[in-house]
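Okay, here's what each chain looks like letter by letter:
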Amino acid sequence: MTLFYTKALQDPVLAPYFVLELGDDLEDQEWVYHIELLADFWLAKLLGEKTYGGNFVGAHVNVPYISRESFVRWLALFSSTLDEVYTSDIAKKFKDLGENMSEQFMNEIKI
Ligand code: HEM
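Residues numbered from 1 in each chain as written. Predicted model: local features only at pLDDT ≥ 70, side-chain atom pairs only at ≥ 80, totals over all residues.

Trainee: Help me understand helix α6 (residues 88-108) in this model?
Mentor: Helical geometry: 3.6 residues make up each α-helical turn, so side chains three or four residues apart lie on a common side. Taking 1.5 Å per residue as the helical rise, α6 with its 21 residues ought to reach 30 Å, and the 30 Å between its terminal C-alpha atoms agrees with that figure. Within two residues after α6, K110 carries a phi angle of roughly 55 degrees, on the positive side. (Helix = DSSP H or I, 4+ residues; strand = E, 2+ residues; numbered from the N terminus. Expected span 1.5 Å × (residues − 1).)

Trainee: Explain the confidence of the model for the protein chain here, please?
Mentor: Low-pLDDT portions of the prediction should not be read for the details of their coordinates. Residues at a pLDDT of 70 or more form 100% of the protein chain, whose mean pLDDT is 94. Least confident of the elements in the protein chain is helix α4 (residues 58-61), whose mean pLDDT is 86; most confident is helix α1 (residues 2-8), at 97. (pLDDT = per-residue confidence, 0-100.)

Trainee: Sorry, what's going on with the site of the ligand here?
Mentor: Around the ligand sit 20 residues in total, of which Y17, E21, G54, A59 and S70 are the nearest. At the level of elements, α2 (15-22), α3 (29-47), α4, α5 (68-85) and α6 are the ones that each hand at least two residues to the shell around the ligand. If you tally residues by element for the shell around the ligand, the top one is α6, at four residues. Partitioning the shell around the ligand into residue classes produces 14 nonpolar, five polar and one charged. (Near = placed C-beta within 6 Å. Nonpolar A, V, L, I, M, F, W, Y, C, P; charged D, E, K, R; others polar.)

Trainee: Teacher, can you tell me more about the packing of α5 against α6 here?
Mentor: Pairs of packed helices are described in terms of their axes, by the angle between the two and the distance that separates them. Where α5 meets α6, the axes come as close as 10 Å, and the angle between the chain directions of the two elements is 170 degrees. The angle between the axes of α5 and α6 places the two elements in the roughly antiparallel class. For the pair formed by α5 and α6, the contact residues are R68, F71, W74, L75, F78, S79, L82 and D83 on the first element and A91, F94, K95, G98, E99, S102, F105 and M106 on the second. Here the residues of the contact of α5 with α6 sort into nine nonpolar, three polar and four charged. (Axes fitted to C-alpha atoms, helices over the stretch in contact; angles between N-to-C directions. Parallel < 35°, antiparallel > 145°, perpendicular 65-115°, else oblique. Contact = placed C-beta atoms within 7 Å.)

What follows is the structure, given as structure tokens:
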């Protein structure tokens, strides 16, 4: 998670969204909380653990100017980070879930 967000904060398309909501310092409390929340989210999605009960689509409705292009970029960065960290079969599970959820996002927030 930390590697992904380190890259996101350096990415010209994605950085502005995250900086606006959470700032640019990954060691800041807001970021630490966000990264822990996202780790719990992925644990829930991948392993079916009951670690996340939030509304992850709803959380993005208020992210200003979120676009289809930004989701394409998000997926590319997510995918390249997974390839660095996991074996290809585990990386694929995350990628498939990430793609499905991005589709679901774009449909639900109508972009
Ligand atoms: C362009 C793509 C994306 C951007 C710019 C983005 C940005 C953000 C931001 C700024 C927040 C923090 C909202 C806040 O707390 O104020 C957030 C929360 C979150 N994001 Fe994303 N996101 C993107 C795509 C995704 C995708 C594809 C997933 C999942 C597959 C995801 C999962 C989550 C989750 C689980 C949260 C926490 C929601 C909660 O508070 O319970 N995001 N996102």
